[in-house]
Amino acid sequence: MVAHIEDLGRRIELVSMDKHFHDISIGLYEQAEGGAHNFVVHTYSRLDGAADRVAFLSKAMMTLGGLERTANGHGGLRFPCGAEHALGCRRIFLESCKLATGSTLDAKPLSIFDKKSDRTVTVTSDGAGTYRLTADGPEDGRDRRVGAIAKGLVKLAEMELVADDQVRFACGHAHDAMVGLLLGRALNVRAAMREQEDQASRGVLSAPSAQSE
Ligand SMILES: [Zn+2]
């Protein structure tokens with residue numbers, strides 16, 4: 001069901017110890033196929049249940065991140081727009097790995113309570129890849145907080161800043177699930193970036209081989 005190892009492509013993210021499944025390492029691989037970008041969740045572990053864990057993570061990435069199955073039958077994933085969105089995809093993978101197999105999967109809403117500013121932050125899609133951020137509550141400090149969260153989305157999802165309160169995907173397609181998922185992380189973008197760096201440095205130390213680097 002999974003692609004042959006030589007077809008896996010380039011590893012773009014690694015969870016070196018999956019705390020939800022026997023500390024196995026699980027990688028996210030990217031394949032560029034005729035201009036399309038496909039992603040594969042893969043583990044070298046041969047433990048019983050490892051394949052189920054990988055299948056769950058793929059499913060989680062579809063629900064939480066809005067990816068879909070590729071048509072080539074290799075168990076790969078892609079964004080409906082076909083674009084890479086590598087950074088966003090890596091985050092979707094990391095967030096999925098935080099869930100135990102069998103967890104209920106729901107796409108995150110485009111609205112979230114921001115403890116730091118005591119406001120509800122809402123993101124509105126124009127359906128063509130542009131999202132506008134708004135927040136309720138008093139005017140004082142509101143624009144600044146909205147601007148900081150917008151910049152967080154730019155960093156985490158490789159979006160473009162259109163205005164202080166507007167961000168867009170260069171592909172021109174809506175990615176509501178990904179935006180909803182990353183909105184929570186954009187509230188504290190520093191912690192999110194640190195987490196990714198930690199993950200990356202651990203990955204270097206415990207990579208099964210360096211060939212995919
Ligand atoms: Zn896209």
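The coordinates are above.
Predicted, not measured: the structure shown is a model, and the values here were computed from it. (Residues numbered from 1 in each chain as written. Predicted model: local features only at pLDDT ≥ 70, side-chain atom pairs only at ≥ 80, totals over all residues. Heavy atoms only, no water.)

Visitor: Can you explain the overall build of the chain? Please cite residues and give values.
Guide: Scanning the chain from terminus to terminus reveals five helices and 10 strands. Looking at the chain as a whole, 44% of its 213 residues qualify as buried. Restricting to contacts in the chain with at least 6 residues of sequence separation, those with at least 24 account for 58%. For the chain, the accessible area works out to roughly 10,700 Å², and carbon and sulfur atoms hold 50% of it. (Helix = DSSP H or I, 4+ residues; strand = E, 2+ residues; numbered from the N terminus. Buried < 20%, exposed > 50% of the residue type's maximum accessible area, 1.4 Å probe, protein only. Contact = heavy atoms within 4.5 Å. Areas by Shrake-Rupley, 256 points an atom, 1.4 Å probe, with all protein chains shown as cover.)

Visitor: Mind laying out the coordination of the zinc ion, listing which residues take part and the relevant values?
Guide: Within the protein, Cys 81 (SG), His 85 (NE2), Cys 171 (SG) and His 175 (NE2) serve as the donor atoms for the zinc ion, at 2.1 to 2.2 Å. For the zinc ion, the four donor atoms are set out with angles of 96 to 123° between them, so the coordination reads as tetrahedral. All donors of the zinc ion come from a single chain, and their spacing in sequence reads C-x3-H-x85-C-x3-H. (Donors = N, O, S within 2.8 Å, 3.2 Å for Na, K, Ca; no water. Tetrahedral: all angles 85-135°; square planar, octahedral: opposite > 155°, others 65-115°.)

Visitor: Quick one: what's the story with the sheet that holds strand E6 (residues 111-114), residue by residue and with numbers?
Guide: The strand order across the open sheet built from five strands is E6-E7-E8-E10-E9, with neighbouring strands paired in antiparallel fashion. For this open sheet the edge positions go to E6 and strand E9 (160-163), each flanked by a neighbour on one side alone. Ignoring strand direction, the axes of neighbouring strands in this sheet form an average angle of 30°. Helix-sheet contacts for helix H4 (residues 176-186) involve E6, strand E7 (119-125) and strand E8 (130-135), and the interaxial angle to E7 is about 160°. (Pairing = 2+ DSSP bridges. Axes fitted to C-alpha atoms, helices over the stretch in contact; angles between N-to-C directions.)

Visitor: Lay out a negative patch on the surface with the relevant residues and their values.
Guide: On the surface, a cluster of negative charge is made up of Glu 139, Asp 140, Asp 143 and Asp 164. In this structure, Glu 139 sits in the loop between E8 and helix H3 (142-157). (Patch = residues over 30% accessible without salt bridge, like charges linked within 9 Å, V, L, I, M, F, W, Y side chains within 5 Å. Salt bridge = Lys/Arg side-chain N within 4 Å of Asp/Glu carboxyl O. Lys, Arg positive; Asp, Glu negative; His and termini not counted. Charge placed at Lys NZ, Arg CZ, Asp CG, Glu CD.)

Visitor: Please set out H3 residue by residue, giving values where relevant.
Guide: For H3, spanning 16 residues, the distance from its first C-alpha to its last is 22 Å, which sits close to the expected 22 Å at 1.5 Å a residue. A positive phi of about 55° marks Glu 158, the residue just after H3. (Expected span 1.5 Å × (residues − 1).)

Visitor: Can you break down the pattern of salt bridges residue by residue, with the values?
Guide: Under the criterion given, the structure shown has 14 salt bridges. A salt bridge links Glu 95 to Lys 98; its shortest N-O distance comes to 3.1 Å. Of the residues examined, Glu 95 reaches a relative accessible area of 12% and is grouped as buried. For Lys 98, a relative accessible area of 34% gives the class partly exposed. Shared partners join several salt bridges into a network, and the residues in it are Arg 91, Glu 95, Lys 98, Arg 185 and Glu 195.

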